[in-house]
Amino acid sequence: MQFLQTLQDESNDIGASIYGLASELFPINRSITGDGVRETLKILKIVCPGLAVHEVPSGTKAFDWTVPKEWNVREAFIERPDGRRIAEFLKNNLHLVGYSTPVDCLMPLAELQKYLHSLPHMPSAVPYVTSYYEERFGFCLSHEERASLTEGEYRVYIDSELKDGALAYGEAVFPGESDEEIFFSAYICHPSMANDNLSGPCIAAHVAAWVADAPRRYSYRFVFVPETIGSITYMSRNLDALKSRVIAGFNLSCLGDPGHFSYIASRYANTLADRAAKSVLKFFDANFKSFSFLCRGSDERQYNAPGVDLPLCGLTRTRFGDFPQYHTSADDMNFITPDALAGSFALIREIVESLEANRRYRVKTLCEPQLSPRGLYPSMGTRGSAWEARSIMNFMAYCDGANDLFRVSEIIGEPALKLADIAKILIDAELLEEAPANDEVIL
Ligand code: ZN
């Protein structure tokens, strides 16, 4: 298939570009607020055209939530009794519990232990811990380092600031022929972690760049938000527009590891987004995993809440929490690969292309058309024979005006994009036409 060949040809470059963007963003101290989010958006804007940054002041109500105080950090460390510093924030921002309050005090080891987090089952990894909604402080370090601590007085130093500020998010909109929108959401709130977090926004930015230059039947909206509070805040300001325009949405998370793809269904698994994702994944990765909404974990939660009900599903490779590196320093730039990122980009691009191509068709003849006088049999011979002819006949058998390409794809076992190619040939041969909008629809 031509489109797969094209994707393979381009995959090396796009993978390197997405990986390069993730490398650039990796060291930044991201959280749900703060300058790290702004810096991240500034860099994403280099790739994602037209990315507008919005700021929502602390204290703003967002449905049942309130935009929290803004958190920024200058420095943080623990000083051992011998004066040596450990858990230095400036060396690895995972060392500091997210949203830690400022402190500068001495304490004995037994007291210090109350503020430490480590992973006995992954002794060399530093865990990722946050405390957004309860004011406290803490440090994360490897279990090996923690085990090496000796009795004595430790200095705990955190130069952080928790004050009224703003929550920043980014949004890019690309109008198409129709006001109906395809929506993408990625989160930008985790500090130095590659798969969860950077794979999502870095792929989304590249998809946006591609969409910006592509002919568009639909409009496209990309948002880059802090997870949970960011998507809630965004929706509290845009819900009516989203509900009236979005026909399919995707939350992008954990798309950089080499594992198989996973799809997390919308609440009732019955939206156009679900149908498009499953239809494309079936041929793209035969071993993809399908999860119900009960297995949700990222912002698909917020977008599917009762009353919100956006038609959105989640896309990941190995699902968040299912890989041992999840929320640890082992989720680093060695865990994600340019190839895996390129494959995820290709998947999303094919989902977009399939949505753009998706239509209902009906045959113009009554009873089976005769193909050979129209020159379709010889041309099919060069495309791979009787098997191709059978695909064309199967396709036409379901072009009764009621089925869209995803449904025909499901019935006859051919990718929707291939059916779109066949449809073009049949329209040229005056055997097929797009079904009128008022035809009975079966989805
Ligand atoms: Zn996470």
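Up top is the structure these notes are about.
Parameters and conventions
Per chain, residue numbering runs from 1 following the sequence as it is written. Local features in this predicted model are restricted to residues of pLDDT 70 or higher, and side-chain atom pairs are both shown and tallied only at a pLDDT of 80 or more, whereas totals for entire chains, interfaces and linings draw on every residue. As a convention, hydrogens and water are excluded, and side-chain values are obtained from all of the structure's heavy atoms. Residues belong to a common nonpolar core when they are buried Ala, Val, Leu, Ile, Met, Phe, Trp, Tyr or Cys residues joined through side-chain atoms within 4.5 Å. Summary of the burial criterion: residues with accessible area below 20% of their type's maximum are buried, those above 50% are exposed, and those between are partly exposed, where the area comes from a 1.4 Å probe applied to protein chains only. Where a domain begins and ends is set by an automatic assignment or by a domain database. Every residue pair with non-hydrogen atoms within 4.5 Å of one another is taken to be in contact. Water is not part of the atom set, so a site may look incomplete; the donors themselves are N, O and S atoms within 2.8 Å of the metal, or 3.2 Å for Na, K and Ca. Cavities and pockets were defined on a 1 Å grid built over protein atoms only: a cavity is a set of grid points that admits a 1.4 Å probe from which the probe cannot escape, a pocket is an open set flanked by protein on both sides within 12 Å along at least five of seven lines, and lining residues are those with an atom within 4 Å of any such point. Grid points are joined across faces, edges and corners, and a volume is the space filled by probe spheres set on the points. Under this grouping Gly is polar, as are all residues other than the nonpolar Ala, Val, Leu, Ile, Met, Phe, Trp, Tyr, Cys and Pro and the charged Asp, Glu, Lys and Arg.

**Thoughts on the nonpolar core**
Now for step 1: Grouped together as the largest cluster of nonpolar side chains are 81 residues, with contacts concentrated most on Phe222, Phe224, Phe250 and Phe395.
Now for step 2: There are two domains that each give this core at least three residues, and those are domain 1 (2-67 + 166-357) and domain 3 (360-434).
Now for step 3: Beyond its immediate chain neighbours, meaning those up to four positions away, Phe250 contacts Ile182, Phe183, Phe184, Ser185, Ala273, Ala277, Leu312, Cys313, Leu315, Ile351 and Leu355.
Now for step 4: Ala76, Met107, Tyr154 and Cys254 belong to the second largest nonpolar core, which has 48 residues in total.

**Comments concerning the coordination of the zinc ion**
Now for step 1: Within the first shell, the zinc ion binds the protein through His190 (NE2), Asp196 (OD) and His327 (NE2), at distances of 2.1 to 2.2 Å.
Now for step 2: Spacing between the donor residues of the zinc ion along the chain follows H-x5-D-x130-H. With respect to burial, His190 and Asp196 carry one shared label: buried.

**Topic: empty space enclosed by the protein**
Now for step 1: Applying the stated criterion to the full structure yields 2 cavities of 30 Å³ or more.
Now for step 2: In this model, the largest cavity occupies a volume close to 50 Å³.
Now for step 3: In terms of lining residues, the largest cavity is bounded by 13 residues, among which Arg30, Trp71, Gly98, Tyr128 and Pro191 are the most central.
Now for step 4: Broken down by class, the residue content of the lining of the largest cavity amounts to 7 nonpolar, 5 polar and 1 charged.
Now for step 5: No fewer than three residues from each of domain 1 (2-67 + 166-357) and domain 2 (71-163) sit in the lining of the largest cavity.

**As for the layout of surface pockets**
Now for step 1: Reported here for the largest pocket is a volume of approximately 470 Å³.
Now for step 2: Glu353, Glu356, Ala357, Leu417 and Lys424 are the residues nearest the centre of the largest pocket, which is lined by 20 residues in total.
Now for step 3: Of the residues belonging to the lining of the largest pocket, the class tally is 12 nonpolar, 1 polar and 7 charged.
Now for step 4: Inspection of the lining of the largest pocket shows a minimum of three residues originating in each of domain 1 (2-67 + 166-357) and domain 3 (360-434).

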